[in-house]
Amino acid sequence: MIGLISATAAGAAARDRLAAAWPDRTRVYEGPVGEAVRAAFAECEQLVCFLATGATVRLLAPLLGDKTSDPGVVCVDEGGRFAVSLVGGHGGGANELSRAVGALLGAEPVVTTATDSVGLAALDTLGLPYEGSVALVSRALLDGEPVALEVESPWPLPPLPVSAHGSYTVRLTDRAAPAGEREVLLRPPSLVVGVGASKGAPAAEVLGLIEEALREAGLSARSVAELATVDAKSAEPGIVAAAERLGVPLVTYSAEELAAVEVPNPSEAPLAAVGTPSVAEAAALVRGGELLVPKRKSSARPAMATCAVVRRPGRGRLAVVGLGPGARDLLTPRAAAELRRASVLVGLDQYVDQIRDLLRPGTRVLESGLGAEEERARTAVAQARLGHAVALIGSGDAGVYAMASPALAEASDDIDVVGVPGVTAALAAGAILGAPLGHDHVSISLSDLHTPWEVIERRVRAAAEADLVVTFYNPRSRGRDWQLPKALALLAGHREPTTPVGVVRNASRPDESSRVTTLGGLDPATVDMMTVVTVGNTATRIIAGRMVTPRGYRWQEDNR
Ligand code: SAH
């Protein structure tokens, strides 16, 4: 919950806008501001104070405890010009909140934590449990001192400006060894603990067994990603409580699924009780991995719990990101976030240039020239399979005549894939032309480099017969000049020469140009590879210079 506190009429007005925008996430605290701040600080995860920073600092000072548990606090000034992240920038989420509040109120977010101001990923915001000297090592990263990254258990980290050797270390490990003086340990979610328990096994016995198993194997409980067991034990109180205490989800599998897993220590007892010769080992191993702790029983007599520990291979992450047609404000915030999330960027050199300023320091850029599509797709997938966070970029939408399909055709299920849609050329052009796509429409690429012309021609004919609005991608290049006239002639067989045609070159780029002409009037020589051509259907009209394909609303027809 976000507590909202204000003192003045202007503050209350801004406060009410926030409350109206986020009704389920906010609570308004009325009354004297001192009491309101104290109550909100005790009850909420975050506060937005429509007060001067000075006043807020004085009220907060006696309440502040620890940056890992205190609420994040954002101050908004009387004029609503700034949203200042005051305390809890990372742990309390105040930096993020100041951006969100700023976006909503039209205020400038003010963030002063060092890592954010220089674009570094802060070590305490990676979403991984951490131990050790975060402040010291962050300082070293900021100062450009050599910091080594040591990866024992891979996890797709965002970019960090690290070097091969250094007097400071960031170590990605599930091993329990304590952090060195100049070291930060990041705990990847690499361990799965399989558990079995007889009916009524006490929580303390289950938890004690798990902790003992991890301790003896030298593993950190903070790297445990989940507990796993058989469906029949999904509500066994001791197991449920152990998962809660460890703060991890409990995942269950059917007895048949577990019975099919090959394990080193099967036994008769669980086979009789729940229908699989192994619960702990099988549940830990069912999604693959390396068995670090084979089945062991608790030391209680009679022993009522078993467990086994498996290390799963790190899963890389491949984000397929559409950059939009060109203009920065048509690149989505989600695409920008994915570019900053990736430690490896793969793309065509000219697209990389478009977004280089968005990348975090330390991002590894693998760029290649036109024509190297297959190699780019392979590289992106191979990097993700090594456990990296990879962004594969494409202009417009990366799934439209672009890299998403060759990449996903290469990708196996051992990596996570995230797609970020982008504004494709047909949409960018449509918005410039008017409303040409108001009814059913298709896109057709006229490039016969990868598609035989007969196939293209069959599709153009079908679109012509079906009276679809058609947008031609890759319409014409120096070596491919007869395809566009041929395609237009096919459409002209079913549409009047007066049918509107829109031509947009470099949509949303600095040298954007567009014109609306007709099927009879278009000179194909004016079209090149930077262009899309949108041909209207038999109902498309030019109205006030804009291309409009009627949606077919009855009220418009009645008004004619
Ligand atoms: N993935 C891209 C399309 C790649 S195919 C997208 O979704 O937009 C390349 C073709 O797209 C070009 O030949 C051109 O026809 C079209 N195109 C891409 N960007 C364009 C832009 N900004 N303006 C006009 N056409 C564009």
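Per chain, residue numbering runs from 1 following the sequence as it is written. Reporting in this predicted model follows two pLDDT cut-offs: at least 70 for local features of residues, and 80 or more for side-chain atom pairs to be given and counted; totals over whole chains, interfaces and linings ignore these cut-offs and use all residues. Note: side-chain values were computed over all heavy atoms of the structure, leaving out hydrogens and water.

Caption draft 1: Geometry of the environment of Gly238. Position of Gly238 among the secondary structure elements: in helix H8 (residues 237-246). Relative accessibility decides the category of a residue: with a 1.4 Å probe and only protein chains considered, values under 20% of the type maximum give buried, values over 50% give exposed, and everything between is partly exposed. Overall, Gly238 belongs to the buried group, its relative accessible area being 3%. The spatial distance from the C-alpha of Gly238 to the C-alpha of Glu205 is 7.9 Å, given a sequence separation of 33 residues. Contacts: residue pairs with any heavy atoms within 4.5 Å of one another. In this structure, Gly238 is in contact with Ala201, Pro202, Ala203 and Val206, ignoring residues within four places of it in sequence. Under the DSSP-based scheme used, a helix requires at least four consecutive residues in state H or I and a strand at least two consecutive residues in state E, with every element numbered from the N terminus.

Caption draft 2: Highlighting the UniProt feature "domain: Tetrapyrrole methylase" (unreviewed entry) in the protein chain. UniProt positions are given in the numbering used here, feature names are shortened, and annotations may be inferred rather than shown by experiment. Under the feature "domain: Tetrapyrrole methylase" (unreviewed entry), the UniProt entry names residues 317-522. Span residues 317-522 is 33% helix and 25% strand, its end C-alpha atoms 46 Å apart.

Caption draft 3: Spotlight on the site of the ligand. We call a residue near a given molecule or strand whenever any one of its heavy atoms falls within 4 Å of it. If you check the shell around the ligand, you find 20 residues, and the closest are Val400, Thr424, Ala507, Met529 and Thr531. The separation between a nitrogen atom of the ligand and a polar main-chain atom of Ala507 is 2.8 Å. In protein, a polar contact means a hydrogen-donor-capable atom and an acceptor-capable atom, both N or O and within 3.5 Å, with residues adjacent in sequence counting only if both atoms are side-chain atoms; elsewhere, any N or O pair within 3.5 Å suffices. Here a nitrogen atom of the ligand and a backbone polar atom of Met530 are 3.3 Å apart. Polar here means any residue other than Ala, Val, Leu, Ile, Met, Phe, Trp, Tyr, Cys and Pro, which are nonpolar, and Asp, Glu, Lys and Arg, which are charged; Gly is therefore polar. Here the residues of the shell around the ligand sort into 12 nonpolar, 6 polar and 2 charged. Here the shell around the ligand spans two domains, and each of domain 4 (317-423) and domain 5 (426-558) adds at least three residues to it. Boundaries between domains were set according to an automatic or database domain assignment.

Caption draft 4: Representation of the packing of aromatic side chains within the structure. Here is the rule: rings of Phe, Tyr and Trp (six-membered ring for Trp) pair when centre to centre is within 6.5 Å. Planes less than 30 degrees apart are stacked, more than 60 are edge-to-face, and the remainder are tilted. Under the definition given, this model contains 2 aromatic pairs. With centroids separated by 5.0 Å and ring planes inclined at 75°, the aromatic side chains of Trp453 and Trp482 adopt a geometry described as edge-to-face. One end of the pair, Trp453, is in helix H17 (residues 453-465); the other, Trp482, is in the loop between strand E23 (469-473) and helix H18 (483-492), and 29 residues separate them in sequence. For Trp482, a relative accessible area of 43% corresponds to the partly exposed category. We call a charge positioned above a ring when the Lys NZ or Arg CZ atom is no farther than 6 Å from the ring centre and deviates by at most 35 degrees from the ring normal. Over the ring of Trp22 we find Arg25; its NZ or CZ atom is 4.3 Å from the centre of that ring.

Caption draft 5: Highlighting the side chain of Ser298. Position of Ser298 among the secondary structure elements: in the loop between strand E14 (290-297) and strand E15 (305-311). Its relative accessible area of 6% is what places Ser298 among the buried residues. In contact with Ser298, other than residues within four places in its own chain, are Glu205, Leu209, Ala303, Met304 and Ala305.

Caption draft 6: Region of the structure containing the packing of helix H7 (residues 203-217) against H8. Lines are fitted to the C-alpha atoms to define the axes, a helix being fitted only along its stretch in contact, and any angle between axes, read from their N-to-C directions, falls within 0 to 180 degrees. Running from N to C, H7 and H8 cross one another at 50°; their axes reach a closest spacing of 8 Å. Our classification of the angle between H7 and H8 gives oblique. The element H7 and its partner H8 pack so that their crossing is right-handed. The residues of H8 that touch H7, namely those facing Ala203, Val206, Leu207 and Ile210, are Gly238, Ile239, Ala241, Ala242, Arg245 and Leu246. Taken together, the residues of the contact of H7 with H8 sort by class into 8 nonpolar, 1 polar and 1 charged. Convention used here: angles under 35 degrees read as roughly parallel, angles over 145 as roughly antiparallel, angles from 65 to 115 as roughly perpendicular, and any remaining angle as oblique. Handedness of a helix crossing follows the sense of rotation of the near helix relative to the far helix, less than a right angle counterclockwise being left-handed and clockwise being right-handed.

Caption draft 7: Inspection of the nonpolar core at higher detail. Counting 23 residues, the largest nonpolar core has Val193, Val195, Ile210 and Leu227 as the members making the most contacts within it. Sorting the residues of this core by element identifies strand E11 (191-197), H7, strand E12 (224-230), H8 and E15 as the ones contributing at least two each. Per-element accounting of this core gives the leading share, 6 residues, to H7. Not counting the four nearest positions on each side in its chain, Val195 is found in contact with Val206, Ile210, Leu227, Ala228, Thr229, Ile239, Val279, Ala280, Thr306 and Cys307. Listed in part, the 22 residues of the second largest apolar core include Leu446, Leu488, Val503 and Leu519. Definition of nonpolar core: a set of buried residues of the types Ala, Val, Leu, Ile, Met, Phe, Trp, Tyr and Cys, connected through side-chain atoms within 4.5 Å.

Caption draft 8: Focus on helix H4 (residues 94-105). Residue count minus one, scaled by 1.5 Å, sets the expected span of a helix. For H4, with 12 residues, the first-to-last C-alpha span of 16 Å sits near the 16 Å given by 1.5 Å per residue. Within H4, burial applies to Ala94, Asn95, Leu97, Ser98, Val101, Gly102 and Leu105. The arc that holds every buried residue of H4, seen down its axis, measures 160°, which confines them to one face. Counted as exposed and oriented over 90 degrees from the buried face of H4: Glu96 and Ala103. To be clear, the arc concerns the directions from the helix axis to the C-beta atoms.

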